[in-house]
Amino acid sequence: MTYDALIIGGGAAGMSCALVLGSAKEKSFASTKTIGIITHQKASHLQTALFNNVLGLAPKTTGASILKSGLDQLADLYPHVDQITQQKVQEISKTADLFSIVTNKNTYKAKLVIVALGYTKLITVKGLESYIQAHQKAKPEKERIQLKNTDHLIEPGLYVAGTLAGWRSQFAIACGSGAAVATDILTLWNDGKHVKVHDKI
């Protein structure tokens, strides 16, 4: 199967992107789209996070609990979004109009790819080397990186979200970055007509 959109990373940005894309299922322009997320979470900074200053989250909510509840929320509300677990992406390449995503267990094809990994200098995904630069909003001594992008777009069909897009390491910011990428993709699928997805009481 070829995914219309494949998200790499199951942290705040990746999960937010998946939730917004998944929530558009009832829209005619998104109803037949195939969406996947590779949810390797072991390296996520959320593993050790504690939240007291995030709107809508109860104080002392842990990042580890959000990692689990986010996957459950995605599975419960939007089961059509494929969750690919226990796989780590090793390489991304492009041929013609498709991206090839190689993990330690499989190879996937996708029309659009969203890279939502952390901003550690130890990123090991082949194919992204030419886009790496020093992070513009992190302490230089931390040696954090980001991928060169314009409003989350690295090149046609290839997006980056969260800290790796150059945003600061704040949960709310990463979530917003992932949601922003999702609405850009939905707008693309909707022939350039701007899209946002809201639920209402």
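Now for a quick tour of the structure. (Residues numbered from 1 in each chain as written. Predicted model: local features only at pLDDT ≥ 70, side-chain atom pairs only at ≥ 80, totals over all residues. Heavy atoms only, no water.)

Some thoughts on the packing of aromatic side chains
One pass over the structure, following the stated rule, counts two aromatic pairs. Summarising the aromatic geometry, the rings of tyrosine 3 and tyrosine 108 are spaced 6.5 Å apart at their centres and angled 50° between planes, so their arrangement reads as tilted. With tyrosine 3 in strand β1 (residues 2-3) and tyrosine 108 in strand β9 (residues 107-110), the pair connects residues that are 105 residues apart, well separated along the chain. Relative accessible area serves as the criterion here: at 10%, tyrosine 108 is assigned to the buried category. Ring geometry for phenylalanine 51 versus phenylalanine 171: centroids 4.7 Å apart, planes at 45°, classification tilted. With phenylalanine 51 in strand β4 (residues 50-51) and phenylalanine 171 in helix α3 (residues 171-189), this residue pair connects regions lying 120 residues apart in the sequence. In this pair, the class of phenylalanine 51 matches that of phenylalanine 171, namely buried. (Phe/Tyr/Trp six-rings, centres within 6.5 Å; stacked < 30°, edge-to-face > 60°. Helix = DSSP H or I, 4+ residues; strand = E, 2+ residues; numbered from the N terminus. Buried < 20%, exposed > 50% of the residue type's maximum accessible area, 1.4 Å probe, protein only.)

Some points on the side chain of serine 100
Considering the arrangement of structural elements, one finds serine 100 in strand β8 (residues 98-103). Residues in contact with serine 100, not counting those within four places in the same chain, are Glu91, Ile92, Ser93, Thr107, Tyr108 and Lys109. (Contact = heavy atoms within 4.5 Å.)

Section: the sheet that holds strand β10 (residues 113-115)
Strands sit in the order β6-β3-β2-β10-β14-β13 across an open sheet of six strands; the sheet is mixed. What marks the edges here is a single partner per strand, and that holds for β6 (81-84) and β13 (153-155). Pairs of neighbouring strands in the sheet enclose a mean axial angle of 20°, with direction left out of account. With four bridges connecting them, strand β2 (residues 5-8) and strand β3 (residues 35-38) associate as parallel partners. When the sheet's bridge partners are listed, alanine 5 is paired in β3 with isoleucine 35. Relative to the sheet, α3 contacts β2, β3, β10 and β14 (158-160), its axis offset from that of β14 by approximately 155°. (Pairing = 2+ DSSP bridges. Axes fitted to C-alpha atoms, helices over the stretch in contact; angles between N-to-C directions.)

A word on the layout of surface pockets
Taken as a whole, the second largest pocket encloses approximately 320 Å³ of empty space. Every residue lining the second largest pocket is counted, 17 residues in all, and those nearest its centre are Met15, Ser16, Leu19, Gln73 and Cys175. When residues of the lining of the second largest pocket are traced back to their parent elements, those giving at least two are α1 (12-23), α2 (63-77) and α3. For the lining of the second largest pocket, the per-class residue count stands at 11 nonpolar, six polar and no charged. (1 Å grid on protein atoms, 1.4 Å probe; cavity = no way out; pocket = protein on both sides within 12 Å on 5 of 7 lines; lining within 4 Å. Points joined across faces, edges and corners; volume = space filled by probe spheres on them. Nonpolar A, V, L, I, M, F, W, Y, C, P; charged D, E, K, R; others polar.)

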